[in-house]
Amino acid sequence: MNDSIKTRHDALSEFRCSQILTAARTVFAGKGYREATMDEIAEAAGVAKGTLYSYFPSKQDVYVAVLNQGGKELLELTRAAVAAPGGFRARVAQFIRTRVEYLDTHIEFFRIYQAELGNMTHPAWVCPDFRARYARQMEMLTGLVREAAERSETREAPAEVVACGIYEMTRGLLLQRIMTGVQRPAEVEAETLAEILWRGLKAE
């Protein structure tokens, strides 16, 4: 009996938490971290302010939870894309395409993520999980670059620098997509950027 009650309680808690984070993502995307308030998040979620605080003690806690929710999902998709069969150019294109497609279906998350990623004093960077997730993505790209050089697909170059370039060029593409509202097919944008990178790196 107790296990049954606990299961129902857990399910309700998970639903309520998801409801709050969905609402918070919309509020943060529209107003930014500094201007958003807990009152606005509670109202958007349709819960009492006390209920909101029982799940998240502060606005920073809500914000970090929103970033972590989307970040975990994006990391798993990115890991699968980079691990897919194919050469360097194809796998880089998959990395870029995965992130563009995720942007198109999670625009509010990316408005938050892209706006604050470079702000090292922002509360998101206080969260070890957030920093670790960023590091894992860079490690994946660095490994990809090293493997390509070892197979003589690409010329020798500092793997960490190239990985940073791939990541930041992709980030710039996503930011441009957000700011302009232009939505060319994800495949087209991924192939275009991957071709530019490939031309600069391919072995002679």
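Keep in mind the model is a prediction, meaning the values are calculated, not measured.

Considerations on the environment of Ser 13
Line of reasoning, step 1. Checked against the element boundaries, Ser 13 lands in helix H1 (residues 2–35).
Line of reasoning, step 2. Judged by relative accessible area, Ser 13 falls into the buried class, the value being 19%.
Line of reasoning, step 3. In this structure the C-alpha to C-alpha distance between Ser 13 and Tyr 55, which are 42 residues apart in sequence, comes to 8.8 Å.

Examining empty space enclosed by the protein
Line of reasoning, step 1. Applying the stated criterion across every chain, the model contains two cavities of 30 Å³ or more.
Line of reasoning, step 2. Roughly 30 Å³ of internal volume is contained in the second largest cavity.
Line of reasoning, step 3. Forming the boundary of the second largest cavity are Gly 71, Tyr 113, Phe 130, Arg 133, Tyr 134 and Gln 137.
Line of reasoning, step 4. The element that contributes the greatest number of residues to the lining of the second largest cavity is helix H7 (residues 128–150), accounting for four residues.
Line of reasoning, step 5. Looking at the lining of the second largest cavity residue by residue, the classes come out as three nonpolar, two polar and one charged.

A few points about helix H2 (residues 38–45)
Line of reasoning, step 1. Met 38, Ile 41, Ala 42 and Ala 45 are the residues of H2 that are buried. Taken end-on, H2 shows its buried residues confined to a sector of 100°, consistent with a single buried face.
Line of reasoning, step 2. Of the residues flanking the end of H2, it is Gly 46, one or two places downstream, whose phi is positive at about 70°.

Quick look at the confidence of the model for the chain
Line of reasoning, step 1. A residue-level look at the chain finds 90% of positions with pLDDT of 70 or above and a mean pLDDT of 86.
Line of reasoning, step 2. Averaged over each element, pLDDT in the chain is lowest for helix H6 (residues 107–116) (76) and highest for H2 (95).

As for the environment of Thr 180
Line of reasoning, step 1. Residue position: Thr 180 is located in helix H8 (residues 159–180).
Line of reasoning, step 2. Its relative accessible area of 45% is what places Thr 180 among the partly exposed residues.
Line of reasoning, step 3. In this structure the side chain of Thr 180 is engaged in a polar contact, spanning 2.8 Å, whose partner is the backbone oxygen of Gln 176.

Considering the environment of Cys 17
Line of reasoning, step 1. For Cys 17, the location among the structural elements is in helix H1.
Line of reasoning, step 2. For Cys 17, a relative accessible area of 23% puts it in the partly exposed group.
Line of reasoning, step 3. Separated by 39 residues in the primary sequence, Cys 17 and Phe 56 place their C-alpha atoms 9.0 Å from one another.
Line of reasoning, step 4. Sequence-distant contacts of Cys 17, defined by excluding residues within four places in its chain, comprise Tyr 55 and Phe 56.

Some words on the packing of helix H4 (residues 59–83) against H7
Line of reasoning, step 1. Between H4 and H7, whose axes approach to 10 Å, the crossing angle comes to 15°. It follows that H4 is roughly parallel to H7 by the angle criterion. Relative to H7, the crossing made by H4 is left-handed. From H4, Leu 67, Asn 68, Gly 71, Lys 72, Leu 75, Thr 78, Arg 79 and Val 82 reach across to H7, where they touch Asp 129, Phe 130, Arg 133, Arg 136, Gln 137, Met 140 and Leu 144.
Line of reasoning, step 2. Here the contact of H4 with H7 is built from residues that sort into six nonpolar, four polar and five charged.

With respect to H8
Line of reasoning, step 1. Between its first and last C-alpha, H8 extends 32 Å over 22 residues, near the 32 Å set by a 1.5 Å rise per residue.
Line of reasoning, step 2. What H8 keeps buried is the set Ala 159, Val 162, Ala 163, Ile 166, Tyr 167, Thr 170, Arg 171, Leu 173, Leu 174, Arg 177 and Ile 178.
Line of reasoning, step 3. With its phi angle positive at about 75°, Gly 181 sits one or two positions after the end of H8.

Parameters and conventions
Residues numbered from 1 in each chain as written. Predicted model: local features only at pLDDT ≥ 70, side-chain atom pairs only at ≥ 80, totals over all residues. Heavy atoms only, no water. Helix = DSSP H or I, 4+ residues; strand = E, 2+ residues; numbered from the N terminus. Buried < 20%, exposed > 50% of the residue type's maximum accessible area, 1.4 Å probe, protein only. 1 Å grid on protein atoms, 1.4 Å probe; cavity = no way out; pocket = protein on both sides within 12 Å on 5 of 7 lines; lining within 4 Å. Points joined across faces, edges and corners; volume = space filled by probe spheres on them. Nonpolar A, V, L, I, M, F, W, Y, C, P; charged D, E, K, R; others polar. Arc of directions from axis to C-beta. pLDDT = per-residue confidence, 0-100. Polar contact = N/O pair within 3.5 Å; in protein donor to acceptor, adjacent residues only side chain to side chain. Contact = heavy atoms within 4.5 Å. Axes fitted to C-alpha atoms, helices over the stretch in contact; angles between N-to-C directions. Parallel < 35°, antiparallel > 145°, perpendicular 65-115°, else oblique. Left-handed = near helix turned anticlockwise from the far one by under 90°. Expected span 1.5 Å × (residues − 1).

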